[in-house]
Amino acid sequence: MNARTLIGGIAALAVVGAGVAVWYLNRPAAEVASIDNALEAVGSDAADATDVTDATDPADGEAVGTAATAVDDVSGTWTVNTDIGTFDFADATSSFVGFRVDEELASVGETEAVGRTPAVTGELVIDGTTLTAATIDADFTAIVSDVPRRDDAMQRAMGVADHPTGTFVLTEPVDFGEVPSAEDRVTFSAVGDLTVNGVTNAVTLDMEAQVADGNILVVGTTPVVFADYDVETPTSRAVVSLEDNGTVEVQLWFSAA
């Protein structure tokens, strides 16, 4: 190889590396699971609604509602609703389950890897102010990341081929102390079993809940260590380091069953 060829090759690699760096630096950051962000799906009117229950028209006694109907009694069964909001990866207002993990790339430096699936099912059972049961199933065959080229490696690391579903099951009832409303958010901890890659561990989700447009919106996070679920940290020549731990996040809309 002559000097001109060598220099040309180095220049080409530099251009490719710079292109990758620019692409990573300019990719949209994925918003964290957030009640404020998800509420954009139903608009500010629903977010600011007052509680309305069994309102009636004095003229004929028939039930009436508002465009932003709230709920005063949340007792009953509520199922995940995937029709509310949109799954725009960077700014999702819909239901999803995902993870976030810090990484360092050779051409970029420190950044954050994010994976999410909008394919979620499940239900809550509430009795008065107590959450008595909850089950959430996430289809990891539908999980995508903010960098599509890493999707296959991510699914292999999570054992999706053999264990396509991740599950959270509440193991202890939660007393909210008050009914979630359209004006006030309720914060609570949900203790349960998280199953990923066929491995189950007890976790505690830090949660927030709020009523919006007649639905219950719930968001939460919990830290996880990949080795606890036999998840191997993916490797790549482009990745200098990837943390062996991360954060599971959920953003879920529930509608009355």
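Residues numbered from 1 in each chain as written. Predicted model: local features only at pLDDT ≥ 70, side-chain atom pairs only at ≥ 80, totals over all residues. Heavy atoms only, no water.

Peer 1: Help me understand the overall build of the protein in this model?
Peer 2: Helix and strand counts for the protein come out as 4 helices and 13 strands. Contacts in the protein between residues at least 24 apart in sequence constitute 65% of all its contacts with a sequence separation of at least 6. When the accessible area of the protein is evaluated, it comes to approximately 13000 Å², of which 51% is carbon and sulfur surface. (Helix = DSSP H or I, 4+ residues; strand = E, 2+ residues; numbered from the N terminus. Contact = heavy atoms within 4.5 Å. Areas by Shrake-Rupley, 256 points an atom, 1.4 Å probe, with all protein chains shown as cover.)

Peer 1: Explain the pattern of salt bridges here, please?
Peer 2: Where side chains of opposite charge bring their charged atoms close, a pairing between them can arise. Tallied over the full model, the rule gives 3 salt bridges. Note that R185 is salt-bridged to D36, the shortest N-O span being 2.2 Å. One end of the pair, R185, is in the loop between β8 (174–175) and β9 (186–196); the other, D36, is in helix α2 (residues 35–38), with 149 residues separating them in the sequence. Accessibility expressed as a relative area gives 33% for R185, which makes it partly exposed. R116 serves as the salt-bridge partner of E249, at 3.1 Å between the closest nitrogen and oxygen. Residue E249 is found in strand β13 (residues 245–256), and its partner R116 is found in strand β3 (residues 109–117); the two are separated by 133 residues along the sequence. For E249, a relative accessible area of 2% translates into the label buried. R116 gets classed as buried once you look at its relative accessible area, which sits at 0%. (Salt bridge = Lys/Arg side-chain N within 4 Å of Asp/Glu carboxyl O. Buried < 20%, exposed > 50% of the residue type's maximum accessible area, 1.4 Å probe, protein only.)

Peer 1: Teacher, can you tell me more about the side chain of S255 here?
Peer 2: When you line up the elements, S255 lands in strand β13. In terms of polar contacts, S255 uses its side chain to reach the side chain of N81, at 2.9 Å. Reaching out from S255, the side chain makes a polar contact with the side chain of N215 at a distance of 2.6 Å. Excluding residues within four positions of it along the chain, S255 makes contact with T77, W78, T79, N81, I84 and N215. (Polar contact = N/O pair within 3.5 Å; in protein donor to acceptor, adjacent residues only side chain to side chain.)

Peer 1: How should I be thinking about the pairing of β13 in this particular structure?
Peer 2: On any regular strand, side chains alternate: one points to one face of the sheet, the next to the other face. In terms of burial, β13 is a largely internal element, 9 of the 12 residues being buried. Direction of pairing for strand β1 (residues 76–80) relative to β13: antiparallel, over a ladder of 3 bridges. Each bridged residue has a counterpart across the sheet, and for W78 the counterpart in β13 is A256. Of the pairings in the sheet, the one linking strand β11 (residues 215–225) to β13 comprises 10 bridges and is antiparallel in character. Its bridge partner lying in β13, V218 is registered against L252. (Pairing = 2+ DSSP bridges.)

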